[in-house]
Amino acid sequence: MKRFVFTWVFFLSLVFSAWAMPQPQEQVEGMINSVLSVLQQTGLTAEEKKSRVSGRVQGFLNMTSMSERTLGLYWQGATEEQRQHFSDLFVKVLEGTYLNRVNDYSGGTVQYLKQRVKGNKAIIDTKFVSDDLEIPVQYKMIYENDRWQVFDMVIEGVSMIRNYRSSYGEIIRKDGLDGLLALMEQKVFAMQGEHPIQ
Amino acid sequence: MLRFLTSLILLLVFILVAGPLQAVELAAPDVPTVIIPVGQQDDQFDEDFDDDFADDFADEGSFDEILIADPLEGFNRGMFWVNDKLYFYLVKPVAKGYRFIVPRPARVSVGNFFANLLTPIRAANALLQLKFTDFGTEIYRFIVNSTMGIAGLFDPATSLAGVEKVEEDFGQTLGYYGAGHGFYLVLPVLGPSSLRDTTGGMVDTVLDPFRYADLTTMEYLGAKVFKVTNGLSLDKDTYESIVRDSLDPYLFVRAAYAQRRAAQVGKVDYSILTIDGSFLNENNLNPFKWLGM
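Below you will find a few notes about this structure. This one's a predicted model, so the numbers in the text were calculated from it and none came from an experiment. (Residues numbered from 1 in each chain as written. Chains lettered and ligands numbered in written order. Predicted model: local features only at pLDDT ≥ 70, side-chain atom pairs only at ≥ 80, totals over all residues. Heavy atoms only, no water.)

To continue, consider the overall build of chain B. What chain B contains, in helices and strands, is 14 helices and three strands. A burial count over chain B gives 39% of its 293 residues as buried. The contacts of chain B with a sequence gap of at least 6 include a subset with a gap of at least 24, amounting to 69%. When the accessible surface of chain B is split by element, carbon and sulfur atoms take 69% of a total near 16,200 Å². (Helix = DSSP H or I, 4+ residues; strand = E, 2+ residues; numbered from the N terminus. Buried < 20%, exposed > 50% of the residue type's maximum accessible area, 1.4 Å probe, protein only. Contact = heavy atoms within 4.5 Å. Areas by Shrake-Rupley, 256 points an atom, 1.4 Å probe, with all protein chains shown as cover.)

See below:
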């Protein structure tokens, strides 16, 4: 009898480890739909769109994981203060970079091709489709703090985080982590000067 | 005159037929989901999945940071600067004027036309890499787009049958047989490249139909510049935003180039056909698929 119960508990835990987590793809769909719904609204200024998109997207991203992966090897050697400083600046750099392009959207939908889950990681394959272009976009997700969150986006085989890691790594080797942070501060300042984000 | 009228009528018929077809909403196929619970094994899945996560599963210390060697960084940065000026002061203004004068559908058609003409390069390289299905795809696309697509101006192979272009070039063929990037190389006017891809690009010109079109050097260059200008006129200022937003645009472009080319060589397969069972379906029309190759 005891063995029977154990078997059941084991079996159930297997099933639940797969089912208890919310589907990662639902998270990605939720994020994309909420962004598209803002972009498709007419009568909003670029600034209004930016602040709405920003507010909606942040919960879907795992910024700690993104920062850690971006610094890679240098994350280990950084002090807690430097890590925090980097994360704060990195969020602003990403916002400045991607939110400035809200007005480039001129229609297009997203197809969900495939989702793969293994342990606490997942890959969602999607395709952005508009009139004359199709762009494969892959979302890499991690399950932490009871939720699936995106930590990388791979567009046509180019991983966003790897791109940042490679170029920031080069800057760190030349100017040190503090040099990178100073450069990022300048960039964020310049971005906010041109396009203030509240 | 008669010929002109006939082609006009053909064009009208095409628009009438193709218009509604394109507007038909395609039912999204159910998304395949693969879930591997912890502790279970599936080797093929594991391999694909881990490939896609490659660097994310790596130990902290072994994060690859150098995506491509760059011994000529000084020269490359100089070239990058020259291209940047060329872009902002010459190519982009021309592309902008062109964009203003020529309506978008015409520019898309021009892009399709050039892409169709360069089929031999893609087909030959698919064959060289023993990718028979891709070779068949290119032949199929060439036939459909050259006839139904009126000499390649339209792309019914993609819009009606969901059969997409296969990007292949000799740089990728070299990569397929194990050649790495070599090192990074920024070419004047042409932009980011590598030792391998520059070599590949030179080999590819052998199959470039423009080379055999009896053009003078100036006309040949003109055609090439026109192709680039047309491509840029359809782009939404990607380069501008990279220059504006990255800490060091040179490093950013280099990393993106290295990643993109590496991905093209070891390509992830995204091609899930949008239409199933249509008579235009590649499965029915591509003989290599009949043979299961």
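Past the structure itself, the notes keep going.
Further remarks concern empty space enclosed by the protein. What the rule picks out here adds up to three cavities of 30 Å³ or more. In this structure, the second largest cavity spans a volume of roughly 50 Å³. Val93, Tyr164, Ser167, Tyr168 and Ile171 of chain A together with Asp245, Ser246, Leu247, Asp248 and Phe252 of chain B are the residues that line the second largest cavity. The element best represented in the lining of the second largest cavity is helix 7 (residues 160-194) of chain A, accounting for four residues. (1 Å grid on protein atoms, 1.4 Å probe; cavity = no way out; pocket = protein on both sides within 12 Å on 5 of 7 lines; lining within 4 Å. Points joined across faces, edges and corners; volume = space filled by probe spheres on them.)

Now for unusual backbone geometry. All names here are of chain A. In the Ramachandran plot, Asn145 falls in the positive-phi region, its phi being about 50° despite a non-glycine side chain. Inspection of the secondary structure assignment puts Asn145 in the loop between strand 3 (134-144) and strand 4 (147-155). One non-glycine residue, Asp146, lies in the positive phi region at around 60°. Its location among the elements puts Asp146 in the loop between strand 3 and strand 4. Taking relative accessible area as the criterion, Asp146 reaches 64% and is therefore assigned exposed.

Moving on, we come to the environment of Ile32 of chain A. All names here are of chain A. Relative to the helices and strands, Ile32 is located in helix 2 (residues 24-39). Expressed as a C-alpha distance, the spacing of Ile32 and Asp125, which sit 93 residues apart in the sequence, is 13 Å. When residues no more than four places from it in sequence are discounted, the contact partners of Ile32 are Val110, Tyr112 and Tyr139.

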